[in-house]
Amino acid sequence: MPHPGNPVTRSLTRVLADVRAQDHPGRVADYIPELSRADPEAFAISAASVSGHTYAAGDSTTLFTIQSISKAFVYALVLSEHGADAVTARVGVEPSGEAFNAVSFDDRGRPHNPLVNAGAIVTTSLVPGASAEERFARIRRGLSAFAGRDLDCDETVAASESATGDRNRALAMLARSSGALTEPVDDVVEAYFRQCALRVDTTDIAVMGATLAGDGINPRTGERVVPPAVARDTLSVMASCGMYDRSGQWLFEVGMPAKSGVGGGIVAVAPGEYGIGVFSPPLDAVGNSARGVATLRTLSQEFGLHLFRHPERPASPVQAIDVEPGGTVVIRLRGMLDFVAAEQVAHLTAYGPETTADATTRVVLDVSAVTASTRVAARLLADVAAELRLQGRDIVLVDPDGVIDIA
Ligand code: GLN
């Protein structure tokens, strides 16, 4: 872990101090009696990059129960297990606009989404296992793989929730009556309570988020935890449904897929870049950590993490165009060739004055400085090459590292 003098750590420490100095009223959850014992002043943040760097500030080694943050990751596990079609047959992907513990079912009897309790209980029922024990063991292994270390369950919190968990049992019964849930209610609900009571710190949830940010690969262990499509699908649902009935407001202001829990934690993800974990137990009126929300709002604004900001792109994929004697035009490309970059090259080749000049008989595409290309970019360039040949021009590809494949 970088020492506190690290500039990234210093900025995280400053954001915590700024937010602490502001007024963000909240109340520690007490509907699960054990949760009311949390220290309201505890405050922490961790960030983990997809390349495996972690930074932390505040009480980042304080353990808390993961609660509803688990819902996103158990959803990812069942998507990998059964595929998206089988899972969405049982639980939808629409924001409910309702509280986390609402009776939230659509007209097909499915819970609206996997991130409210009704949907999460159905999701837990889709984890294979013949008993609550087996189901929970599998969940614990899966979430530990996301965190990159062995997580354990706070049995006191799990028992406290079970003792007061009739509303969740009722949601499970309703799901069973509509056919969304087919397993025994008690097995499922007990596994769900223990899943919610897994103990984490902010660095654990940051790494869990970074695993989704990194296409399913845990940056701490290098392990592929879920396939890329599952990471993407999970982030989609977190973006639209992760913050309960503040999900729209959250996407508007903060612009990151996220998931909160009544223990006071929030995980947020900058896709392809970072996982961020924050922790502060007092909750706002809808059950999201009040300081946590403020911290992520500040981070998003200051560090430019909003998903829908205008994307920064490298200047141009075209490094140089050289017109050589004898009718040859050499186009030198650089950097990453994705669809957007290839579209610029295609446009330039089809309409550019150098390539369309009558005197041009040969076009050399030099991709020696291209680092990688996507398949769709290669296909587009192949079409450009075919077009140039139709016009009677020769096309030559200079690709010493074999980054691109235009036949
Ligand atoms: N275990 C909690 C419950 O089901 C999780 C709720 C939450 O974190 N929002 O009530």
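Each chain has its residues counted from 1, following the order in which its sequence is written. Only residues with pLDDT of 70 or above have their local features reported here, since the model is predicted, and side-chain atom pairs are shown and tallied only from 80 upward, although totals for entire chains, interfaces and linings are computed over all residues. Note: side-chain values were computed over all heavy atoms of the structure, leaving out hydrogens and water.

Here we look at the overall build of the chain
1) Next: For the purposes of this entry, the term helix denotes a DSSP run of H or I that reaches at least four residues, the term strand denotes a run of E that reaches at least two, and both are numbered from the N terminus. Helix and strand content of the chain: 15 helices and 11 strands.
2) Next: A simple rule labels every residue: compare its accessible area, found with a 1.4 Å probe on the protein chains alone, to the largest value its type can have, and call it buried under 20%, exposed over 50%, or partly exposed in between. Going through the 407 residues of the chain one by one, you find that 53% of them count as buried.
3) Next: Considering only contacts within the chain whose residues lie at least 6 apart along the sequence, 68% involve residues at least 24 apart.
4) Next: We get accessible surface area from the Shrake-Rupley algorithm with a probe of 1.4 Å; when it comes to residues, only the shown protein chains can shield them. When the accessible surface of the chain is summed, it comes to about 17300 Å², and 52% of that surface belongs to carbon and sulfur atoms.
5) Next: The positive charge centre, built from 35 side chains, and the negative charge centre, built from 49, are 2 Å apart in the chain. Note on contacts: a residue pair qualifies if any of its non-hydrogen atoms lie within 4.5 Å across the two residues. None of His or the chain ends enter the tally, which takes Lys and Arg as positive and Asp and Glu as negative. By convention, the charge on Lys lies at NZ, on Arg at CZ, on Asp at CG and on Glu at CD.

A few points about the nonpolar core
1) Next: Think of a nonpolar core as a cluster: buried Ala, Val, Leu, Ile, Met, Phe, Trp, Tyr and Cys residues, connected wherever their side-chain atoms sit within 4.5 Å. Of all hydrophobic cores here, the largest spans 68 residues; its most connected members are Phe73, Ile121, Leu143, Phe146, Met208 and Met238.
2) Next: Looking at this core element by element, the count peaks at 9 residues for helix H2 (residues 69-82).
3) Next: The contacts of isoleucine 121, once residues within four sequence positions are left out, are Asn168, Leu171, Ala172, Leu181, Val188, Val189 and Tyr192.

Focus: the pairing of strand S10 (residues 362-373)
1) Next: As defined by bridge partners, strand S9 (residues 328-337) adjoins S10 across 9 bridges and the pair is classed as parallel. Note that in S10 the partner of valine 330 across the bridge is valine 364.
2) Next: Bridge count between S10 and strand S11 (residues 394-398): 5 bridges; the pairing is parallel. Directly across from aspartate 366, in S11, lies its bridge partner valine 398.
3) Next: The β-α-β motif built from S10, the intervening helix H15 (residues 375-390) and the parallel element S11 has right-handed crossover chirality. Here the rule is simple: two strands pair whenever DSSP picks up at least two bridges between them. By convention a crossover is right-handed if, when the strands point away from the viewer, the path from the first strand over the helix to the second runs clockwise.

A word on the site of the ligand
1) Next: Around the ligand lies a shell formed by Tyr31, Gln67, Ser68, Phe100, Asn117, Glu161, Asn168, Tyr192, Cys196, Tyr244, Gly261 and Val262.
2) Next: Polar contact is the term for a pair of N or O atoms within 3.5 Å; when the atoms are in protein, one must be able to donate a hydrogen and the other to accept it, and sequence-neighboring residues count only if both atoms are side-chain atoms. Between a nitrogen atom of the ligand and a side-chain N or O atom of glutamine 67, the distance comes to 2.6 Å.
3) Next: At 2.5 Å, a side-chain N or O of serine 68 approaches an oxygen atom of the ligand.
4) Next: Here the ligand has 300 Å² of accessible area as a free molecule, and 99% of this is covered by the chains.
5) Next: Looking at the shell around the ligand residue by residue, the class counts come to 6 nonpolar, 5 polar and 1 charged. Residues are classed as near a molecule or strand on a simple rule: at least one heavy atom within 4 Å of it. Gly falls in the polar group here, along with every residue not listed as nonpolar (Ala, Val, Leu, Ile, Met, Phe, Trp, Tyr, Cys, Pro) or charged (Asp, Glu, Lys, Arg).

Digging into the environment of serine 68
1) Next: Take serine 68: it is sitting in the loop between strand S3 (64-65) and H2.
2) Next: Here the alpha-carbon distance between serine 68 and alanine 357, two residues 289 residues apart in the chain, equals 62 Å.
3) Next: In this structure the side chain of serine 68 is engaged in a polar contact, spanning 3.0 Å, whose partner is the side chain of tyrosine 244.

Quick look at the pattern of salt bridges
1) Next: Whenever a carboxyl oxygen of Asp or Glu lies within 4 Å of a side-chain nitrogen of Lys or Arg, that contact is scored as a salt bridge. As enumerated under the stated definition, the model contains 24 salt bridges in all.
2) Next: With a closest N to O distance of 3.4 Å, glutamate 41 and arginine 20 form a salt bridge. Taken together, the residues glutamate 41 in the loop between helix H1 (7-21) and strand S1 (44-49) and arginine 20 in helix H1 connect sequence positions 21 residues apart.
3) Next: A salt bridge links aspartate 30 to arginine 27; its shortest N-O distance comes to 3.0 Å.
4) Next: The exposure class of aspartate 30 is partly exposed, given its relative accessible area of 44%.
5) Next: Classification of arginine 27 as exposed rests on a relative accessible area of 58%.
6) Next: The structure contains a network of salt bridges with shared partners spanning Asp166, Arg169, Asp186 and Glu190.

A closer look at the packing of aromatic side chains
The description of two aromatic rings rests on the distance between their centres and on the angle between their planes.
1) Next: Two aromatic rings from Phe, Tyr or Trp, using only the six-membered ring of Trp, form a pair when their centres are within 6.5 Å; if the ring planes differ by under 30 degrees the pair is stacked, by over 60 it is edge-to-face, and anything between is tilted. Tallying each qualifying case throughout the model produces 5 aromatic pairs.
2) Next: Relative to phenylalanine 279, the ring of phenylalanine 64 lies with its centre 4.1 Å away and its plane at 5°, an arrangement referred to as stacked. Within this pair, whereas phenylalanine 64 is found in strand S3, its partner phenylalanine 279 is found in strand S7 (residues 274-279), the two being separated by 215 residues in sequence. Accessibility classification places phenylalanine 64 together with phenylalanine 279 in one group, the buried group.

Let's talk about the packing of H2 against helix H8 (residues 185-196)
1) Next: Whenever a helix is involved, its axis is fitted only over the stretch in contact; in every case the axis is a line through C-alpha atoms, and angles between N-to-C directions fall within 0 to 180 degrees. Running from N to C, H2 and H8 cross one another at 120°; their axes reach a closest spacing of 9 Å. The hand of the H2/H8 crossing is right-handed. Along the contact surface, H2 presents Ser70, Lys71 and Val74, while H8 presents Tyr192, Gln195 and Cys196.
2) Next: Residues of the contact of H2 with H8, tallied by class, amount to 3 nonpolar, 2 polar and 1 charged. Crossing handedness is read from the near helix: turned anticlockwise from the far helix by less than a right angle, it gives a left-handed crossing, and turned clockwise, a right-handed one.

Some details on unusual backbone geometry
1) Next: Of note, the phi angle at glutamine 67 is positive, near 50°, even though the residue is not glycine.
2) Next: In this fold, glutamine 67 is placed in the loop between S3 and H2.
3) Next: For glutamine 67, a relative accessible area of 2% corresponds to the buried category.
4) Next: Phi is positive for aspartate 215, close to 65°, though the residue is something other than glycine.

A closer look at the sheet that holds S9
The strands making up a sheet associate through hydrogen bonds between their backbones, and the pairing can be parallel or antiparallel.
1) Next: The strand order across the open sheet built from 4 strands is S8-S9-S10-S11, with neighbouring strands paired in mixed fashion. In this open sheet, the two strands that pair with only one neighbour each are strand S8 (318-324) and S11. Strand-to-strand twist in this sheet, taken as the mean axis angle between neighbours without regard to direction, amounts to 15°.
2) Next: Alignment of S8 against S9, held across 6 bridges, turns out to be antiparallel. Within the sheet, the bridge partner assigned to isoleucine 321 lies in S9 and is isoleucine 331.
3) Next: Helix H13 (residues 339-351) rests against S8, S9 and S10 of the sheet, and its axis sits at about 165° to S9.

Nothing here speaks to function; it is all geometry.
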